[in-house]
Amino acid sequence: MSELSLAYIMPALPEIFLALASMALLICGVLMGNRQTFTLGWLTVITLAVAGLLVLGLDWTRTVTFNGLFVIDGFTAYVKMFVILGLIASLAMSIRYLYQEQMARFEYPVLVMLAGLGMMIMISSNHMLTLYLGLELQSLALYVLAAIRRNHARAAEAGIKYFILGALASGMLLFGMSLVYGFGGALGFEAIAAHLDGLESVPAGLVVGLVFILVGMAFKISAVPFHMWTPDVYQGAPTSVTALFAIVPKLAGMAILIRLLFEPFGALTADWQQIIWVLAAGSMIVGAFAGLVQGNIKRLLAYSSIGNMGYALIGVVAATQSAIGATLVYMIIYMVMTAGAFAALLMLRRDGRGISDIADFSGLSKTNPVLAYALAAIMFSMSGIPPLAGFFGKFLIFQAAVASGFYVLAVIGVLTSVVAAYYYLKIIKVMFFDEPQESCDKIAAFSKRIVLLCAILFIMLFIFWPDVLIETSVAAASSLFVAG
Amino acid sequence: MVDFPILSLMLALPLIGALFIVTIRGDEESVARNAKYTAFYCAVFTLALALYMLARFDGGTADFQFVEHYAWFPSLDIAYHLGVDGISLFFVVLSALLTPVCILASWNGIKKRVKEYMIAFLILETMMIGTFIALDAVLFYVFFEGVLIPMFIIIGVWGGPRRVYAAFKFFLYTLLGSVLLLLALLTLYFQVGTTDIPTLIANPVAGTLQMWLWVAFFAAFAVKMPMWPVHTWLPDAHVEAPTAGSVILAGVLLKMGGYGFLRFSLPMFPEASAYFADFVFWLSVIAIIYTSLVALVQDDMKKLIAYSSVAHMGFVTLGIFTATVAGIQGGIFQMISHGIISGALFLIVGVLYDRLHTREIARYGGLVKNMPKFAVMFMILMLGSVGLPGTSGFVGEFLSLLGAFQVNMLVALLATTGVVLGAAYMLRLYRLTVFGEQKHQDAAAMPDLDKRELVLFVPLVALVIIIGIFPNLILDRVGPSVDRLIMQYEAGLESGLETGQKSDGVFVPRGPQEGVE
């Protein structure tokens, strides 16, 4: 099927649509200038929504196209839907913020969309080069976004740091791919899997290549020991960009990591399980203990995200279909909680400036009770206390670990969750038990309220219909296992 | 039996009340008033439901009654499964009884954020009742752990000067215990393939795994109970919590540990329970004697009663792990009785604290002169706590000790000294506060109990006497379930011995016995 027929490009329709739309919007932006960022931002939201509908409208049975470069199946559709939802949420709640912080540049929404496009390509990749292409498109857009407030020292520092370390990780990833190509003779996922299946003993070079690829991916999802950039970038980037970083790329990165491990390198499960085991344990431990001493909420959320990646990786280590389902559920719940937390954070302003020191939250329950209760619910949920959604994420993850016999990892997980509970509680303590400072600005923030409301409803009501998300996630995970 | 889902209704009613309170708008005063009334009526209705359930409970069977069973996580075979048997029955009633008492007790004492306070108590009530009626282990865990959220807020927002420290200690201590419980539950689920509690009881796991699971469950329940040496969060939490928080903590939350032993440890891990019984006995004896001695030297009334709670809970664990009819019935009875008595004693402290804003024993004295009604109430409760025959405290301690004497004479003898010590510290407290000189002007000028406070105390005090004189009101309904529990326990022991002999070497007894003795 080499001629350019409609059936040939159909699977990539959402991506193609986004690519064309982003060009069009960029041209609009150039013509209209920075004053129209508001219009452009909402246009981008609508475009993303249309792309989401396109993803929904496609046939989700496994289809490989572009000569084996590109794949869609239930798993990619599932992840793309949530990636698009995350992009919409993070963009919608940052548009007004851009004006408040005097950084309303028309490139902002377009860059968000390009990053999203990169993620979607990455999720759908069926070949190392597609993977690299998507990853770099995403990363380059995100590097620029991190430094978009370019006259601001911290933001510039965050951008540079992110770029240099990101480039290093990309280099490692490429090096790993070249090793895999050299020792395995293929770059397509199916070809690598077929080659590995035919081998009696795996050459060391291939395993080294796998390790380098994992290092590159671990950097992208900020798993310990490749997490160093996260706190600095989270803190330095404008809060709306931090929200984007925290909500979306992790999910995309986790999705492609899972595909890499189960499709091309499915035969090496015993090898990569040890590596992921260490990444998971390290992330949980560092995320819990380093978070204890943070005074800045954005840094704290960075360590929290590191820890949460550790929990999500437990499901990957367990390596069964229901375990991958658990990882997906965990990622979605984490994404919703983070979106809610950042919506609240973006709403908290005092004297026209955003606040990000935890000490500035003191007495928030008296001055802004609704926000304080919402944040408290999110924090209790993040520390995994039932009956909130966060508990069920952890429950499924630990259940997967126990079912696969990874008891030590599960014990580390529950113990670090107690340690991490301390810093989540500390935020609640500051908001509820400490004396109030002057009140925060009242701002009518429609889209942020919607995001926050959705997140809170999700967290509170998850207990009543847990099976909806669990079943779709397990079904999404199943497409990886049927193919493998 | 009843033809409507009474248990779900008892869970939902407080939640609906809490939701309703959230929507109350208006100026601060009217919001506070409306919130108080809504919360109170909700709690009273829940109590009425609980009493109706008690009346309709069939005391002749050990089966679960009022059962409700719906799919919850169909894909994981985890269900919304509720039911009540003789063991859980009175804990549900106790929770439903103490919540309105708590709300009434905070009527005037809580001045700030009344709305949130009432919401917290109603949510707490749902969680407490849920813990006792859940028949699915995951559902149980959700309620068991969910208690932490409202309690953390209650201690942290409305507590005393060191409330932040106490709230964190309470939260992290209990969380650490219960996450191990979670892992053990998951392991059980993996081994047996279900989280349904009756099914889990019917299929005990074998060998060394049982030991590990027992230890994990023990960690959670021992912290909650609390047993020596993991009791240290309790005095802090009690001292800092507001009066009603202490009442609910002592009255109901501590019982969750004991209930857990009865519902999980004993029937699911009979071999491990038998194996660790001596270990538990010695911890109990140490708790009884050591905390009684500590209570003897306290200057703070709340601390004294908190330590006495640890000692009384020692009798409960002692009774439960004898695995005799008398011991287990005594343990359950002691928990019910302690729930009423210690709850009421914390109210007594609350009455004094409301008037003088100190809990220091030395600041009071000669209260019998200006507060005669108070003195009478206090005396009956004090005697109940000491375990005087005719009060409910006697029955529980007596039965627990009876069970202990059948199993281990030395332990029982040592535990009995706790009864004497209990009399010593309670009588000392009573003498120093109620009798003696009226040394302080302000204490001598305090008014006696008002109508609201009498409404609080009279039913509780009456209950202490009534169930003290007619213990069969409780024991008759508890009896069949306890008999079945012991049957399951012994059946588990026998089958465990058989499998242990068949696969020799799997079940190797080793453990902390030497270290303790």
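Residues numbered from 1 in each chain as written. Chains lettered and ligands numbered in written order. Predicted model: local features only at pLDDT ≥ 70, side-chain atom pairs only at ≥ 80, totals over all residues. Heavy atoms only, no water.

Secondary structure assignment for chain A yields 22 helices and 4 strands. For chain A, the C-alpha radius of gyration of 21 Å lies close to 23 Å, the compact-globule estimate for 484 residues. Its C-alpha atoms put chain A at 70 × 55 × 40 Å along the principal axes. With 484 residues in all, chain A has 64% of them scored as buried. Roughly 16400 Å² of accessible area belongs to chain A as shown, and the carbon and sulfur atoms make up 69% of that amount. For chain A, the distance from the average position of its 24 positive side-chain charges to the average position of its 23 negative side-chain charges is 12 Å. (Helix = DSSP H or I, 4+ residues; strand = E, 2+ residues; numbered from the N terminus. Rg over C-alpha atoms; globule rule 2.2 N^0.38 Å. Buried < 20%, exposed > 50% of the residue type's maximum accessible area, 1.4 Å probe, protein only. Areas by Shrake-Rupley, 256 points an atom, 1.4 Å probe, with all protein chains shown as cover. Lys, Arg positive; Asp, Glu negative; His and termini not counted. Charge placed at Lys NZ, Arg CZ, Asp CG, Glu CD.)

This next bit is on the overall build of chain B. Helices and strands together make up the secondary structure of chain B, namely 22 helices and 2 strands. Its C-alpha atoms give chain B principal-axis dimensions of about 75 × 55 × 40 Å. Residue burial in chain B is summarised as follows: out of 517 residues, 65% are buried. Restricting to contacts in chain B with at least 6 residues of sequence separation, those with at least 24 account for 82%. Summed over its atoms, the accessible surface of chain B is roughly 17600 Å², and 66% of this surface lies on carbon and sulfur atoms. Taking the average location of the 30 positive side-chain charges in chain B and that of its 36 negative ones, the two points are 12 Å from each other. (Contact = heavy atoms within 4.5 Å.)

This part takes up the interface of chain A and chain B. The interface of chain A with chain B comprises 37 residues on the first partner and 35 residues on the second. Both sides together, the interface formed by chain A and chain B hides about 3400 Å², and carbon and sulfur atoms give 82% of it. When the area that chain A buries against chain B is broken down by residue, the three leading residues are F395, V418 and F433 of chain A, summing to 20%. The tally of links from chain A across to chain B stands at 0 salt bridges. Counting across the chain A and chain B interface gives 6 residue pairs in polar contact (both at pLDDT 80 or more). Going through the elements one at a time, α17 (364–367), α18 (369–382), α19 (389–403), α20 (407–432) and α22 (466–483) of chain A are the ones with two or more residues in the side of chain A that touches chain B. Class assignment of the residues belonging to the side of chain A that touches chain B gives a composition of 29 nonpolar, 3 polar and 5 charged. (Buried area = accessible area lost by both parts, 1.4 Å probe. Salt bridge = Lys/Arg side-chain N within 4 Å of Asp/Glu carboxyl O. Polar contact = N/O pair within 3.5 Å; in protein donor to acceptor, adjacent residues only side chain to side chain. Nonpolar A, V, L, I, M, F, W, Y, C, P; charged D, E, K, R; others polar.)

The end-to-end C-alpha distance of helix α17 (residues 392–407) of chain B, which contains 16 residues, comes to 24 Å, matching closely the 22 Å that a straight helix rising 1.5 Å per residue would cover. If you check which residues of α17 of chain B are buried, you get S392, G393, V395, G396, E397, L399, S400, L401, G403 and A404 of chain B. (Expected span 1.5 Å × (residues − 1).)

With that out of the way, let us pick up the pairing of strand β2 (residues 78–84) of chain B. All names here are of chain B. Extensive coverage of β2 is indicated by the burial of 6 of its 7 residues. In the sheet, strand β1 (residues 65–73) pairs with β2 via 6 bridges, with the strands oriented antiparallel. Opposite F73, over in β2, you have I78 as the bridge partner. Between β1 and β2, which pair antiparallel and follow one another directly, the connecting turn spans 4 residues, one of which, D77, has a positive phi of 60 degrees. (Pairing = 2+ DSSP bridges.)

Bringing the packing of aromatic side chains into the picture now. By the definition in use, this model includes 66 aromatic pairs over all chains. Judged by centre distance (4.9 Å) and plane angle (20 degrees), the ring pair of Y162 of chain A and W229 of chain A falls under stacked. On the criterion of sequence distance, the pair formed by Y162 of chain A in helix α8 (residues 153–184) and W229 of chain A in helix α11 (residues 229–236) is long-range, its members being 67 residues apart. In terms of burial, Y162 of chain A and W229 of chain A fall into one category: buried. Between the aromatic rings of F152 of chain B and F168 of chain B, the centroid separation amounts to 5.7 Å while the plane-to-plane angle is 75 degrees, which identifies the pairing as edge-to-face. Here F152 of chain B is found in helix α6 (residues 148–158), whereas its partner F168 of chain B is found in helix α7 (residues 163–192), with 16 residues between them in sequence. As far as burial versus exposure is concerned, F152 of chain B and F168 of chain B are alike and both buried. (Phe/Tyr/Trp six-rings, centres within 6.5 Å; stacked < 30°, edge-to-face > 60°.)

What follows covers the packing of helix α13 (residues 301–322) of chain B against helix α14 (residues 325–356) of chain B. All names here are of chain B. Following both chains from N to C, one finds α13 and α14 inclined at 175 degrees, their axes separated by 8 Å at the closest point. For the element pair α13 / α14, the angle class is roughly antiparallel. Judged by residue contacts, M301, K302, I305, A306, S309, H312, M313, F315, V316, G319, I320 and T322 of α13 engage G327, I328, G331, Q334, M335, H338, S342, L345, F346, V349 and L352 from α14. Here the residues of the contact of α13 with α14 sort into 13 nonpolar, 9 polar and 1 charged. (Axes fitted to C-alpha atoms, helices over the stretch in contact; angles between N-to-C directions. Parallel < 35°, antiparallel > 145°, perpendicular 65-115°, else oblique.)

When the charged atoms of two side chains with opposite charge come close together, those side chains can pair. All names here are of chain A. Going through the model one piece at a time under the given rule, you end up with 21 salt bridges over all chains. With a closest N to O distance of 2.7 Å, K80 and E15 form a salt bridge. Separated by 65 residues along the polypeptide, K80 in helix α4 (residues 74–92) and E15 in helix α2 (residues 13–32) bring together distant segments of the chain. Look at K80 and you get buried, because its relative accessible area is 3%.

Moving on, we get to the environment of M228 of chain A. Here M228 of chain A is to be found in the loop between α10 (204–220) and α11. Taking the C-alpha atoms as reference, M228 of chain A lies 10.0 Å from I306 of chain A; in sequence the two are 78 residues apart.

Once that is clear, we can look at the nonpolar core. Residue and element names in this part refer to chain A. Core analysis: the largest hydrophobic core is formed by 403 residues, its most contacted members being F265 and W272. By residue number, the principal contributor to this core is helix α16 (residues 321–347), which donates 21 residues. Once residues lying within four places of it in the same chain are set aside, the contact partners of F265 are M128, V180, I192, L196, L206, L210, I213, L260 and W272. (Core = buried A, V, L, I, M, F, W, Y, C linked by side-chain atoms within 4.5 Å.)

Summarising the element assignment, Q399 of chain A is placed in helix α19. Beyond its immediate stretch of four places on either side in the chain, Q399 of chain A contacts L76, L186 and Y189 of chain B.

A few words on unusual backbone geometry. Omega for the bond connecting P386 of chain A with P387 of chain A falls within 30 degrees of zero, at 5 degrees, which places this linkage in the cis form. Checked against the element boundaries, P387 of chain A lands in the loop between α18 and α19. Of note, the bond from W228 of chain B into P229 of chain B is cis; its omega dihedral lies within 30 degrees of zero at 5 degrees. Looking at where P229 of chain B falls in the secondary structure, it is placed in the loop between α9 (207–224) and α10 (233–240). Despite not being glycine, F66 of chain B has its phi angle at roughly 55 degrees, a positive value. Note that F66 of chain B resides in strand β1. One non-glycine residue with positive phi stands out, namely R113 of chain B, at about 50 degrees. Relative to the elements of secondary structure, R113 of chain B occurs in the loop between α3 (86–105) and α4 (114–133).

Moving on, we come to the packing of α18 of chain A against α20 of chain A. Angle between the axes and distance between the axes are the two parameters that describe a pair of packed helices. Residues and elements named next belong to chain A. With their axes 9 Å apart at the nearest point, α18 and α20 run at an angle of 160 degrees to one another. Overall, the two elements α18 and α20 adopt an arrangement that is roughly antiparallel. Every pair of crossing elements has a handedness; the one defined by α18 and α20 is left-handed. Contacts between α18 and α20 involve A372, Y373, L375, A376, M379, F380 and M382 from the first element and Y424, L425, I427, I428, M431 and F432 from the second. Here the residues of the contact of α18 with α20 sort into 13 nonpolar, no polar and no charged. (Left-handed = near helix turned anticlockwise from the far one by under 90°.)

For the rest of this paragraph, the subject is the confidence of the model for chain B. Residue and element names in this part refer to chain B. When pLDDT is averaged across chain B, the result is 87; 96% of the residues are at 70 or more. Here helix α22 (residues 513–516) is the element of chain B with the lowest mean pLDDT, 36, and helix α5 (residues 137–146) is the one with the highest, 92. For residues 501–517, every residue scores under 50 in pLDDT, and the model assigns this stretch 17 contacts once sequence neighbours within four places are set aside. The ipTM assigned to the predicted complex is 0.88, against a pTM of 0.90. (pLDDT = per-residue confidence, 0-100.)

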